[in-house]
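So you can see what is in the structure, the chains are spelled out below.
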Amino acid sequence: MYKRDAKQSMAGRLLMRTCFSKLSGAFPECFVLSRDTSGKPYLVNPPATLTALSFNVSHAGDYATFAGSTSAKVGVDVMKVELRRNTTVEQFFGHMKRQFTDFEWQRIRSPGSDRGKLFNFYRYWCLKESYVKAIGTGLKFGLLRIEFDIGQIEDDICRTTTVAIDGAIDSDWRFEEAYLDNHFITIAVQGEVSAGEDVEDNVKVVKFDDLNVNKDLLDDEKYFVSFDEKKECP
Ligand SMILES: CC(C)(COP(=O)(O)OP(=O)(O)OC[C@H]1O[C@@H](n2cnc3c(N)ncnc32)[C@H](O)[C@@H]1OP(=O)(O)O)[C@@H](O)C(=O)NCCC(=O)NCCS
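This report concerns the structure included in the present document.

Reading guide: rules and limits
- Residues numbered from 1 in each chain as written.
- Predicted model: local features only at pLDDT ≥ 70, side-chain atom pairs only at ≥ 80, totals over all residues.
- Helix = DSSP H or I, 4+ residues; strand = E, 2+ residues; numbered from the N terminus.
- Buried ≥ 20, exposed ≤ 12 C-beta atoms within 10 Å, placed from the backbone.
- Contact = placed C-beta atoms within 7 Å.
- Near = placed C-beta within 6 Å.
- Pairing = 2+ DSSP bridges.
- Expected span 1.5 Å × (residues − 1).

For the protein, the helix and strand inventory stands at 6 helices and 11 strands. A total of 234 residues make up the protein; the buried ones form 27% of that total. A fraction of 54% describes how many contacts in the protein between residues 6 or more apart in sequence connect residues 24 or more apart.

See the structure below:
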């Protein structure tokens, strides 16, 4: 792991604590985080206001993202639209063959340009991951069981994508998709969000340097020291 990855991970943890603190009024360092057997973080000691909170973080490229709701189940994923050096789009897709259904590959490959195909690929990736992160299984839930029918993006936003699980449309789920600064960000939402929790009223972009990175805010000092000693990137 490099400093860049550790920094993203740390930004995710800081976002969680900042949000828990804002929602409950408790200090950010009060919260104890642990992980379930699938790796999904949860609050060990939630105050009464947060017992029903479903939350999730994701980090990739230049962003770390957090989503939470006190009534709906949520999962979030962010991906930067990019192609590794020395790889063609088709070579890259070749490694990902089993992650998408035939219908999804048709949609991914439908644009004429490589850029358009890559854009669709990452859009689909974010959708799949946001779903498996919301249900908490991660990749253990077979990705081919989930099939998305993507909606039209308008002004870099889409709210009309639908999902079918094992061939049946599941209308209990909706997907908030945003394209921001060459990154896709998708929030999967199951059920209704409470009043005041709508995405459009709550999106905030915060710079890493504006997050209060100090040892007190992290779970243990060792994590901070090892972060500080890492190389920035490969
Ligand atoms: C959790 C998982 C689904 C997503 O991981 P990812 O996309 O690499 O990483 P993200 O940045 O989106 O999310 C990581 C965060 O999700 C959270 N997380 C971990 N396990 C989770 C789970 N089972 N459910 C929900 N959230 C989880 C953690 O907060 C984690 O942050 P941390 O690494 O700093 O602790 C993981 O199972 C995984 O291995 N993904 C591999 C990627 C892949 O091949 N995807 C193919 C898609 S087509």
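What follows continues from the structure just given.
A word on the site of the ligand. Around the ligand, 22 residues are found, and the nearest of them are Ser9, Gly39, Lys40, Ser58 and Gly138. Those elements that provide at least two residues to the shell around the ligand are helix H1 (3-24), strand S3 (54-60) and helix H4 (114-135).

Attention now goes to the sheet that holds strand S10 (residues 173-180). The pairing of strands in a sheet happens through backbone hydrogen bonds and is either parallel or antiparallel. Pairing is antiparallel across the open sheet formed by 4 strands, whose spatial order is S5-S11-S10-S7. For this open sheet the edge positions go to strand S5 (73-80) and strand S7 (157-158), each flanked by a neighbour on one side alone.

Turning to the pairing of S10, a few remarks are in order. When S7 meets S10, the two strands line up antiparallel, connected through 2 bridges. Paired with isoleucine 157 across the bridge in S10 is alanine 178. Between S10 and strand S11 (residues 183-190), which follow one another and run antiparallel, lie 2 residues, and aspartate 181 among them has a positive phi close to 55 degrees.

Let us now look at the environment of glycine 191. Here glycine 191 lies in the loop between S11 and helix H5 (199-202). In sequence terms glycine 191 and serine 71 are 120 residues apart; their C-alpha atoms lie 7.5 Å from each other. In contact with glycine 191, not counting residues within four places along its chain, are Ser71, Ala72, Lys73 and Asp172.

Bringing H4 into the picture now. Over its 22 residues, H4 runs 32 Å from end to end, which matches the ideal 32 Å to within 8%, given 1.5 Å per residue. Phi turns positive one or two residues past the end of H4, at glycine 136, with a value near 90 degrees.

Along a regular strand, successive side chains alternate from one face of the sheet to the other. Here strand S6 (residues 146-149) runs beside strand S8 (residues 162-165); their pairing, made up of 4 bridges, is antiparallel. Along S8, the bridge assignment pairs aspartate 149 with threonine 162. Here S8 pairs with strand S9 (residues 168-169) via 2 bridges, running antiparallel. Considered in S9, the bridge of isoleucine 165 is made with alanine 168. Hairpin connection of S8 to S9: 2 residues between the antiparallel strands, including aspartate 166 at a positive phi of 50 degrees.

Ordered in space as S6-S8-S9, the 3 strands form an open sheet in which the pairing is antiparallel. The sheet is open, and its two edges are formed by S6 and S9, each paired on a single side.

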